[in-house]
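Structural characterization, general
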Amino acid sequence: MTARTPIVSVVGPSGTNLVPAWGKSLLGLTYTDQAGYESDELVLRFAAPPYDLPPKGTKYRLALGWKGSKPADFGLFSVSRNALGGDPESGEELQVFCRAADFIDKMKQTSSKHYDKDGGFGTAGSIIRDIAKEAGVPAVIPEGLDKIKIPYRLRWNQSPLDFLTDLADDIGGIIKPQAGRLVVLERGGGKSASGQSLPVIHMHHNRIYAWDADLEERTAHESAEADWFDQKSGRLRQAKANIGKSGGPRRRLHPAPDETEAGQIASALASSLNRFTGTGFFEGPGDPLALAGAEVKASGYGSDVDGTRWEATSVTHTWEPDGGWLINVDVETMKGK
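Some thoughts on the sheet that holds strand β15 (residues 235–242)
The three strands are arranged β15-β14-β16 in an open sheet whose pairing can be described as mixed. Of all strands in the sheet, those bounded by a partner on one side alone are β15 and β16 (249–251). The mean angle between the axes of side-by-side strands here comes to 35°, regardless of whether they run parallel or antiparallel. As judged from the eight bridges shared by strand β14 (residues 223–230) and β15, these two strands associate in the antiparallel manner.

A look at the sheet that holds strand β8 (residues 139–140)
On the basis of which strands lie adjacent, the open sheet formed by three strands has the order β8-β11-β10 and mixed pairing. Each edge of the open sheet carries a strand with a single partner, namely β8 and β10 (173–178). With two bridges joining them, β8 and strand β11 (residues 181–186) adopt parallel strand pairing. Among the inter-strand pairings, Ala139 is bridged to a residue of β11, identified as Leu182. Against the sheet, helix α4 (residues 160–171) engages β10 and β11, with an angle of about 140° to β10.

Here's the deal with the environment of Lys70
In this structure, Lys70 sits in the loop between β4 (59–66) and β5 (72–87). The spacing of Lys70 and Ile7 is 63 residues in sequence and 9.2 Å in space, taken between C-alpha atoms.

Rules of the game
Residues numbered from 1 in each chain as written. Predicted model: local features only at pLDDT ≥ 70, side-chain atom pairs only at ≥ 80, totals over all residues. Heavy atoms only, no water. Pairing = 2+ DSSP bridges. Helix = DSSP H or I, 4+ residues; strand = E, 2+ residues; numbered from the N terminus. Axes fitted to C-alpha atoms, helices over the stretch in contact; angles between N-to-C directions. Contact = heavy atoms within 4.5 Å.

Structure representation (structure tokens):
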């Protein structure tokens, strides 16, 4: 097998690639692409002081690829904090932690607001776009999730990010700050917010790479249920979505505002429970097209592992001058599998 050479670029405020200037002082870097609401993260590792620490907010743009092909642009990152330390065996090290979303701090400020039709809301998309506007960024929402009816929602002493995470869970989606946008993805759909299928990540068995697959099913349920209050009868009623297993129902803790939303919540909960039948990770050579949320196709690990439809919950890229470029893909079973 012909050895490949990774190409790494970290462009700083000056507009030039800083990797050659850093030289041997750069020990490596780690970039993690998350499928959840957490901001993507870049960690730069340097041989320890004396160094001037980069100020908070310093921006770097990361690109990774293989020699002979165009590197993938992983976006712009801002320094959020620095960490220093060491020990006699491994030496001293400076770690520079960078976040992909500059607006994440605004999304963590606690506040209260209610959303109803009279206020110009009534759908999941209208609520998400309003909160994105507060943060000063656009929202990108799949059409199917955008139009889901949400008659009433109350955000009470809650951050917009926590509120949107709860809302996304109820409609079967994922909220993600990404590249200066608030992006919504369909959970387990293997698609981008625009509806395009993400490139499949192919992980081939090789003894030089680590992997793990746990196929033991979690607690089984026969159905997922969500309560709602029927004003005509004055009673709590249940919306139900069948799962098809034994073990009793799984019920959402808090009642939904009405029957329509209760049905949507029950359906999203059932889909989520159906997916949690396997978890694991696969390690392999660097892949610039590997994205969190994409389908992962395993091969050579045995019929059970290869026959499972996996989804990438996170993709971690690790580059070191002497160790090359590796990816570690955390996975769980895909929607409805």
